[in-house]
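An overview of the molecular structure
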Amino acid sequence: DRGSPLPLYHQLGEQVRAAIQSGELAKGQFLTNEIELAAVWHVSRPTVRRAIQDLVDAGLLVRRRGVGTQVVNDQVRRPVRLSSLWDDLHNQGRTPSTSVLSLKRTKAKGSIAEALGLSDATEVIYVERCRSSGKQKLAIMRNWLTVEAAGHLTTESLSTDGLYTLLRQVGIRPHSASQRIGAIAATAANARLLDVAVGSPLLTMRRVMQDDRGRIVELGEHVYDALHYSVEMTVVESS
């Protein structure tokens, strides 16, 4: 309505917002490019760009260089507990998948050896995986494990099951962990693996896990696409 006191970009944004909320624009659906949208809506390209940017700022759309503008999928909301992301996705009715980027024996040095309580240069198992929910890449997971606990792991098993499930199958039962959650801007390497722009916000998680016999088994350093992943916790007033 060109006679309305509301700017055209605001009117367009509200129509797109309504289409998203009604499901007319499905979660994960890509919008056509700005030139085509401007032609369809009979407005200028800057008007389209402003309308889309407002919806990006509102968290309803995401723009990625070389990929396009996409309706945001529901976030994975993960409780703070000692569990596998694979299991959490399954429990939410999602379809997890894993691409194994690396599985090798290496020598733990410096902070890695210290976290695992090992002597410097002790041999460990290093695993690097990309975890997705459906077609949406969620996390890059880098783990160092003792050879005793993880010597049986294969690329095939890591592709079809969560790490903690595979550990339990050989009698390694995760019991407790020290965990730290933070945030970083995506490096070029993480951006490439997660299909996000360099500098995009990522959540981080560093976990040192002990089994039910008190042995330190695993160090995990994971990064998550903050647009599609969040951490939930319950807090209570201390007495």
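What comes next concerns the included structure. (Residues numbered from 1 in each chain as written. Predicted model: local features only at pLDDT ≥ 70, side-chain atom pairs only at ≥ 80, totals over all residues. Heavy atoms only, no water.)

**Quick notes on the overall build of the protein chain**
Helices and strands together make up the secondary structure of the protein chain, namely nine helices and ten strands. Out of the 239 residues belonging to the protein chain, those deemed buried represent 42%. Taking all contacts inside the protein chain whose residues are at least 6 apart in sequence as the whole, residues at least 24 apart take part in 58%. Total accessible area on the protein chain stands at roughly 12900 Å², and carbon and sulfur atoms take up 50% of it. (Helix = DSSP H or I, 4+ residues; strand = E, 2+ residues; numbered from the N terminus. Buried < 20%, exposed > 50% of the residue type's maximum accessible area, 1.4 Å probe, protein only. Contact = heavy atoms within 4.5 Å. Areas by Shrake-Rupley, 256 points an atom, 1.4 Å probe, with all protein chains shown as cover.)

**What about the environment of Thr-154?**
Tracing the chain through its elements places Thr-154 in the loop between helix H6 (147-150) and helix H7 (155-160). Through-space distance from the C-alpha of Thr-154 to that of Leu-103 is 7.6 Å; in sequence the pair is 51 residues apart. Among the polar contacts made by the side chain of Thr-154, one reaches the main-chain amide nitrogen of Ser-157 at a distance of 3.0 Å. (Polar contact = N/O pair within 3.5 Å; in protein donor to acceptor, adjacent residues only side chain to side chain.)

**Things to note about the sheet that holds strand S9 (residues 216-225)**
Reading across the sheet, the six strands line up as S4-S5-S6-S9-S8-S7 and stay open at both edges, with antiparallel pairing between neighbours. The open sheet is flanked by strand S4 (96-108) and strand S7 (174-185), the only strands paired with a single partner. Shown here is a sheet whose adjacent strand axes are inclined to one another by a mean of 15 degrees, direction ignored. As defined by bridge partners, strand S6 (residues 136-146) adjoins S9 across seven bridges and the pair is classed as antiparallel. Following the sheet pairing, Arg-142 is matched in S9 by Glu-221. (Pairing = 2+ DSSP bridges. Axes fitted to C-alpha atoms, helices over the stretch in contact; angles between N-to-C directions.)

**A short note on the pattern of salt bridges**
Across all of its chains, the model carries ten salt bridges by this definition. The partner of Glu-14 in a salt bridge is Arg-17, with the nearest N and O atoms 3.4 Å apart. Taken together, the residues Glu-14 and Arg-17, both in helix H1 (residues 8-22) and three residues apart, mark about one turn of the helix. Look at Glu-14 and you get partly exposed, because its relative accessible area is 35%. Of the charged contacts, one joins Arg-142 and Glu-128 as a salt bridge, the two residues approaching to 3.2 Å between their closest N and O atoms. Of the two residues, Arg-142 is situated in strand S6 and Glu-128 in strand S5 (residues 122-133); the sequence distance between them amounts to 14 residues. The buried category is assigned to Arg-142, whose relative accessible area is 18%. Look at Glu-128 and you get buried, because its relative accessible area is 13%. Three or more residues joined by partner-sharing salt bridges are found here, namely Glu-34, Arg-45 and Arg-49. (Salt bridge = Lys/Arg side-chain N within 4 Å of Asp/Glu carboxyl O.)

None of this, on its own, says anything about what the molecule does.
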